[in-house]
Amino acid sequence: MQSDDVIWSIIDEQFCSFKTKFEKAVMCRNEYNVTGVCNRVVCPLANSRYATIKEDGGILYLHVKTIERAHSPANLWEVIELKPDLQEAMAQVNEQLAYWPKQLTNKVKERLVRLHQYLIRYRKYIYRPQPRLVPVQKKFEQREKVREMKALAAAKLEFAIKKELLERLQKGTYGDMYNLHNKAFAAVLRDEKLRQKLSVRNKS
């Protein structure tokens, strides 16, 4: 036979794993506590007749415990799904807790209102546009930066070699060593001169 007074005397004076003491209050971390405060009236362990509201996946449930189910801990709590509308859910609570103490009934209704307001704010939050978070890949960016620098250095070197080779061919340094087509060579020279003029204009 369960004795609520004996259970509460042990919880209050000795030890309870759900009890958390602060400077101004003593709180309860039990998931079935209707207010979150540790006291005799709202303790889910020291009350054979107890009720609370819980939320799971956006749906509110009324959990009811009676002394008739105390012998079976697996079936200790009766779970009743509440309707999404607040007024209809309140009517369900009134129907299930019609002959319960008013103090506990009022606390259950207050918790129902708070959780219902929380679900409204949560739905507004998840459906409003959210900023997209892009991960920063520092190693990948560093590798790409090094590759760009190497490619730029290679391009500058290739351009310098090409320019030097054109100047030497134009001056006739190699003589008749390379048998180049005159028209193709003249076209390359024209392109090079045009590119130099464009670069000078862009700089100015």
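Please refer to the structure higher up on the page.
What counts, and where the lines are drawn
- Residue indices begin from 1 for each chain and proceed along its sequence in written order.
- Totals for whole chains, interfaces and linings use all residues, but because this is a predicted model, local features are given only for residues with pLDDT of at least 70 and pairs of side-chain atoms are given and counted only at 80 or more.
- Only hydrogens and water are set aside; all other atoms, that is, all heavy atoms of the structure, feed into the side-chain values.
- In this analysis, rings of Phe, Tyr and Trp, with Trp reduced to its six-membered ring, are considered paired at centre separations within 6.5 Å, and the interplanar angle assigns stacked below 30 degrees, edge-to-face beyond 60, and tilted for intermediate values.
- Here a strand is any run of E in DSSP of at least two residues, a helix any run of H or I of at least four, and the numbering for each starts at the N terminus.
- Burial classes: relative accessible area under 20% of the type maximum marks a residue as buried, over 50% as exposed, and values in between as partly exposed (1.4 Å probe, protein chains only).
- By definition here, charges over rings are those cases where NZ of Lys or CZ of Arg is within 6 Å of the ring centre and within 35 degrees of the ring normal.
- In these notes, a set of buried Ala, Val, Leu, Ile, Met, Phe, Trp, Tyr and Cys residues joined through side-chain atoms within 4.5 Å is what counts as a nonpolar core.
- Only heavy atoms enter the contact rule, under which two residues are in contact if any of them lie within 4.5 Å.
- Strand pairing is assigned whenever DSSP detects at least two bridges linking the two strands.
- Here an angle of 0 to 180 degrees is reported between the N-to-C directions of two axes, which are lines fitted to C-alpha atoms, with helices fitted over the stretch in contact.

What should I look at first to understand the packing of aromatic side chains in this one?
Within a pair of aromatic rings, the relevant descriptors are the distance that separates the centres and the angle that separates the planes. Considering all chains together, one arrives at three aromatic pairs under this definition. Here Tyr32 and Trp77 contribute two aromatic rings whose centre-to-centre distance is 4.2 Å and whose plane-to-plane angle is 5 degrees, an arrangement assigned as stacked. Remark: Trp77 occurs in strand E5 (residues 77-81) and Tyr32 occurs in the loop between strand E2 (26-28) and strand E3 (50-56); sequence separation between them is 45 residues. Note on Tyr32: relative accessible area 18%, which makes it buried. Aromatic ring contacts, followed pair by pair, group Tyr32, Tyr50 and Trp77 into a single cluster. We note Arg49 situated over the ring of Trp100; from NZ or CZ to the ring centre the distance is 4.7 Å.

Just checking my understanding: could you explain the nonpolar core for this structure?
The tendency in soluble globular proteins is for nonpolar side chains to be buried side by side. The biggest cluster of nonpolar side chains holds 23 residues, and the ones touching the most others in it are Ile53, Leu62, Leu82, Val108 and Leu112. Put simply, the parts of the chain that give this core at least two residues each are E3, strand E4 (59-65), E5, helix H2 (86-96) and helix H3 (102-127). Element by element, the count of residues in this core is highest for H3, at five residues. Beyond its immediate chain neighbours, meaning those up to four positions away, Val108 contacts Val34, Ala51, Thr52, Ile53, Leu62, Val93 and Leu97. Counting seven residues, the second-largest nonpolar core is a separate cluster that includes Cys16, Cys38, Cys43 and Ala46.

Just checking my understanding: could you explain the sheet that holds E4 for this structure?
Strand pairs in the sheet, formed through backbone hydrogen bonds, run parallel or antiparallel to each other. Taken together, the three strands give an open sheet; going across it, the order is E3-E4-E5, and neighbouring strands pair in antiparallel fashion. One side of each edge strand has no neighbouring strand; the edge strands of this open sheet are E3 and E5. When the angles between neighbouring strand axes are averaged without regard to direction, this sheet yields 25 degrees. Relative to E3, H3 is tilted by about 5 degrees, and along the sheet it contacts E3 and E4.

How do you make sense of the pairing of E3 when you look at a structure like this?
Look at any regular strand and the pattern is simple: side chains alternate between the two faces of the sheet. Among the seven residues in E3, five count as buried, and that is most of the element. Direction of pairing for E3 relative to E4: antiparallel, over a ladder of seven bridges. The residue of E4 that forms the bridge with Ile53 is Leu62. The hairpin formed by E3 and E4 contains two residues between the paired strands, and Gly57 there has a positive phi angle of roughly 65 degrees.

Note that every value here comes from positions in space, so none of it alone points to a role or purpose.
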